[in-house]
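Analysis of the macromolecular model
One letter stands for each residue in the lines below.
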Amino acid sequence: MSMNAATLDHRSSFRSVRPGQVIAWTLLFLGGIVMITPILFMLSTSLKDASQVYDLRLVPESPTLDNYITVLSDGRFLRWFLNSLFVAVAVTLSNVFFDSLVGYTLAKFRFRGRYFIFIAILSTLMIPTEMLVIPWYLMASSFGWIDTYWGIMFPGMMTAFGTFLMKQFFETVPDEFLEAARVDGLNEFSIWWRVAMPLVTPALSALAIFTFLGNWTAFFWPLIVTNSRELYTLPVGLSSFAVEQAIQWEMIMTGASLATIPTLFVFLLLQRYIVRGVMLAGLKG
Amino acid sequence: MATIALDGVVKRYGKTTAVHGIDLNVADGEFVVLVGPSGCGKSTTLRMIAGLEDISGGTISIDGRIVNEAEPKDRNIAMVFQNYAIYPHMSVAQNIGFGLYTSKLSEPEKKKRIQETAGILGLENLLDRRPSQLSGGQRQRVAIGRAMVRDPAAFLFDEPLSNLDAQLRTQMRLEIKKLHQRLGTTIVFVTHDQVEAMTMADRIVVMRDGRILQVGTPIELYENPADVFTARFIGSPTMNLLPARLSEKEGQRVAALNGFNATAHLPGSQAIRSDGADVLVGVRPHDLHVGSADGANNFTLLGEVSVVEPLGSETLVHLDLGGTSVIASAPGKTVPKVGGRVTVHAQPGSLYLFDAKTERALCRM
């Protein structure tokens, strides 16, 4: 009896699977494969010695940690790693602070030109980075920012996307919270910092993740604005492995594997906010 | 404690005038309720007193000091909002203590004040909880606690009970009234619920379209409404109003109801309007009793019972008078049959006469 019941159960669960679901799962599975294969090859290559690099087997024949020892004992890598960390953290903190400050102002204060300012900020999203690089470079050059940390960071210290995201979130904060604090005697900065900011934590987390990842992996602008190796960020430094005597794929892949650790850490720490943040930003937009 | 005075206060939003030059004096320790339908300007008036809205004209004084330009924090008032406005990221103790954020009290004094406030409001055991772990009534108490802890000169309440269910609203109404009796602080309370206004206020301010229609004690407003709007707004169920025309019958001035064979006798000494003037005869459901009664000047109507609402202590009887509906009352155990014809009557002195055109009250009769 119980066997029959189990078979029936099995059949009915198969019947309840719709063709649409099967197609969706197949596409997701293929998408997953496409996404994860390069990461697996990156890890696999990082465990191979130079002679095995073009052996495309996923599991190395004789795995070795020598590459990791070489990369980690090379002072340059640590320097680039710290440079990237400093740039990404500083730019992230700056974005979280300034984007939310401007977003809050645009969302919660009524003043002449508010709409115009918002549109002006938003319209900068339509200009591709490639078009901005030359003005940025000219600006950095005239202010003496070439080959400095500030030169790497200044274009991203505040972003239109972050301002837009935060404005949308602050609009969901009921005015009564702010008015209650106003009656209780807080000044406008304290109201923003102590009342409004804690209420938009999901958006702040989403913004922090986007900004950190964007800056951690940034390559184009840091490559242009830096000359000295001491100021290279990790992606720029790793690329230099490809232009010395020969392309050292195993070193590049080892450095890239190590470079994913902070991003994984940030993502795992804040992932529960990211989906909510993106969803809410989308809904309100 | 403080007095609050509004003198010709105007609020304009662009070309729209939301509040038309209102005058109001709130005495020290008084509980004043601003009541009126949505959009009547009551919340705007309260927000102007709080300093959350600029005023477009007139003056607002708190304790004799004009505060037109003063920031909300400099007015020494506390406000309780409709959606409580308690911060979800703070505990009950932190929420209550938030009112003391700018206070110069020492930390132990602040803690003591928070404990005292929580004690008065019955929140001692909930101090570590977050707002999401509280019921609606508890959240409302936290909001009141945050206002109380500062010991302000006046409390401003902006429809604080409208998010609560009926039972809790009755309970909180009582608690706020008790709190006022205990603290004796001046309170301005905004509501659209006339029951809240009647049960809590020392004085009620009836507002409509940005104007004050009438100010008085609950009984004054109930007994002597200045116009049709106040008459219908104050009192539940709402007052019955029947169109009539003034005329003379057997040497007496009467208001003859349009379309019915019913008249209301005007008191002899009243010299109001000439014969033929259109008027409205008002009678409260509680003054319109089911059954006929002896007496020459009784106001009597005959109608068909359309709906019966037994409330236990009394029964409300809806009558159809040939297209016009009135509500009468009967003793609790009397439940007339729907569809049956019944007579209802009102005693002399319990009727109201209003001018049909201006809707102003003319007299009691």
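Chain B is annotated in an unreviewed UniProt entry as Carbohydrate ABC transporter ATP-binding protein (CUT1 family) of Microvirga subterranea. Its UniProt record, at the heading Subcellular location (unreviewed entry), says of chain B: "Cell inner membrane". In its Sequence similarities (unreviewed entry) section, the UniProt record describing chain B reads: "Belongs to the ABC transporter superfamily."

Chain A has the name Carbohydrate ABC transporter membrane protein 2 (CUT1 family) in an unreviewed UniProt entry, where Microvirga subterranea is given as its organism. Under the heading Subcellular location (unreviewed entry), UniProt records this for chain A: "Cell membrane". Here is the UniProt Sequence similarities (unreviewed entry) comment for chain A, exactly as written: "Belongs to the binding-protein-dependent transport system permease family."

**Overview of a nonpolar patch on the surface**
All names here are of chain A. There is a patch of nonpolar side chains on the surface, built from M35, I36, I39, L40, L43, L58 and V59 and spanning about 650 Å² of accessible area. Its location among the elements puts I39 in helix α2 (residues 19-46). Overall, I39 belongs to the partly exposed group, its relative accessible area being 43%.

**Examining the confidence of the model for chain A**
All names here are of chain A. This prediction gives chain A a mean pLDDT of 86; 89% of its residues lie at or above 70. The lowest-confidence element of chain A is helix α1 (residues 2-15), averaging 55 in pLDDT; the highest-confidence one is helix α7 (residues 149-153), averaging 95. Contacts of residues 281-285 to residues separated by more than four positions or lying in other chains number six contacts, the stretch itself having pLDDT below 50.

**Comments concerning helix α3 (residues 66-73) of chain A**
All names here are of chain A. Among the residues of α3, those classed as buried are N67, Y68 and V71. Along the axis of α3, the buried positions cluster into a sector of 95°, meaning they face one direction only. The outward face of α3, more than 90 degrees from its buried face, is lined by the exposed residues I69 and S73.

**Topic: the sheet that holds strand β1 (residues 4-13) of chain B**
Residue and element names in this part refer to chain B. Spatial strand order, β2-β1-β4-β5: four strands in an open sheet with antiparallel pairing. Here the strands that pair on one side only, and so sit at the sheet edges, are β2 (16-26) and β5 (65-66). Across seven bridges, β1 lies against β2 in antiparallel orientation. Bridge pairing links Y13 to T16 in β2.

**Some remarks on the UniProt feature "transmembrane region" (unreviewed entry) in chain A**
As recorded in UniProt, the feature "transmembrane region" (unreviewed entry) lies at residues 21-43, 80-103, 115-137, 149-170 and 251-270 of chain A. Counted over residues 21-43 of chain A, helix gives 100% and strand 0%. Its end C-alpha atoms are 32 Å apart.

**Examining the domain arrangement of chain A**
Residues and elements named next belong to chain A. Domain annotation for chain A reports domain 1 (19-64) and domain 2 (66-284). Between domain 1 and domain 2, the C-alpha centre-to-centre distance is 30 Å. Listed as interface residues are ten residues of domain 1 and, on the opposing side, ten residues of domain 2. Between domain 1 and domain 2 we count zero salt bridges in total. Connecting domain 1 to domain 2 are five residue pairs in polar contact (both at pLDDT 80 or more). Its residues placed into classes, the side of domain 1 that touches domain 2 shows six nonpolar, three polar and one charged.

**A word on the domain arrangement of chain B**
All names here are of chain B. Along its sequence, chain B is carved into domain 1 (4-233) and domain 2 (240-364). Taking only C-alpha atoms, the centre of domain 1 and the centre of domain 2 are 38 Å apart. Listed by partner, the interface residues are eleven residues for domain 1 and ten residues for domain 2. Across the interface of domain 1 and domain 2, roughly 970 Å² is buried in total on both sides, 48% from carbon and sulfur atoms. There are two salt bridges connecting domain 1 and domain 2. Note that R360 and D227 form a salt bridge whose closest N and O atoms lie 3.7 Å from each other. Linking domain 1 with domain 2 are seven residue pairs in polar contact (both at pLDDT 80 or more), by the criterion used here. Where the side of domain 1 that touches domain 2 is concerned, the elements lending two or more residues are α7 (218-223) and α8 (228-233). Taken together, the residues that form the side of domain 1 that touches domain 2 break down as six nonpolar, one polar and four charged.

**Digging into the interface of chain A and chain B**
Frequently, the measure chosen for interface size is the accessible area removed from exposure when the parts meet. Each partner contributes to the interface: chain A provides 16 residues, whereas chain B provides 22 residues. Buried surface at the junction of chain A and chain B, summed over both partners, amounts to about 1800 Å²; 62% is from carbon and sulfur atoms. Taken together, the links from chain A to chain B amount to three salt bridges. The salt bridge involving R47(B) is made with E179(A); its shortest N-O contact spans 2.5 Å.

**A look at the pattern of salt bridges**
Here the structure, examined in full by the defined rule, presents 19 salt bridges over all chains. Between E61(A) and R57(A) there is a salt bridge, and its shortest N-O distance comes to 3.3 Å. Accessibility expressed as a relative area gives 42% for R57(A), which makes it partly exposed. R203(B) is paired through a salt bridge with E30(B); the nearest N and O atoms lie 2.5 Å apart. Of this pair, R203(B) sits in strand β9 (residues 203-208) while E30(B) sits in the loop between β2 and β3 (31-35), and the two are 173 residues apart along the sequence. Classification of R203(B) as partly exposed rests on a relative accessible area of 23%. Connected via shared salt-bridge partners are E179(A), K11(B), R47(B) and E53(B).

Conventions and cut-offs
- Residues numbered from 1 in each chain as written.
- Chains lettered and ligands numbered in written order.
- Predicted model: local features only at pLDDT ≥ 70, side-chain atom pairs only at ≥ 80, totals over all residues.
- Heavy atoms only, no water.
- UniProt positions renumbered as here; feature names shortened; annotations may be inferred.
- Patch = residues over 30% accessible without salt bridge, like charges linked within 9 Å, V, L, I, M, F, W, Y side chains within 5 Å.
- Areas by Shrake-Rupley, 256 points an atom, 1.4 Å probe, with all protein chains shown as cover.
- Salt bridge = Lys/Arg side-chain N within 4 Å of Asp/Glu carboxyl O.
- Helix = DSSP H or I, 4+ residues; strand = E, 2+ residues; numbered from the N terminus.
- Buried < 20%, exposed > 50% of the residue type's maximum accessible area, 1.4 Å probe, protein only.
- pLDDT = per-residue confidence, 0-100.
- Contact = heavy atoms within 4.5 Å.
- Arc of directions from axis to C-beta.
- Pairing = 2+ DSSP bridges.
- Domains from an automatic or database assignment.
- Polar contact = N/O pair within 3.5 Å; in protein donor to acceptor, adjacent residues only side chain to side chain.
- Nonpolar A, V, L, I, M, F, W, Y, C, P; charged D, E, K, R; others polar.
- Buried area = accessible area lost by both parts, 1.4 Å probe.

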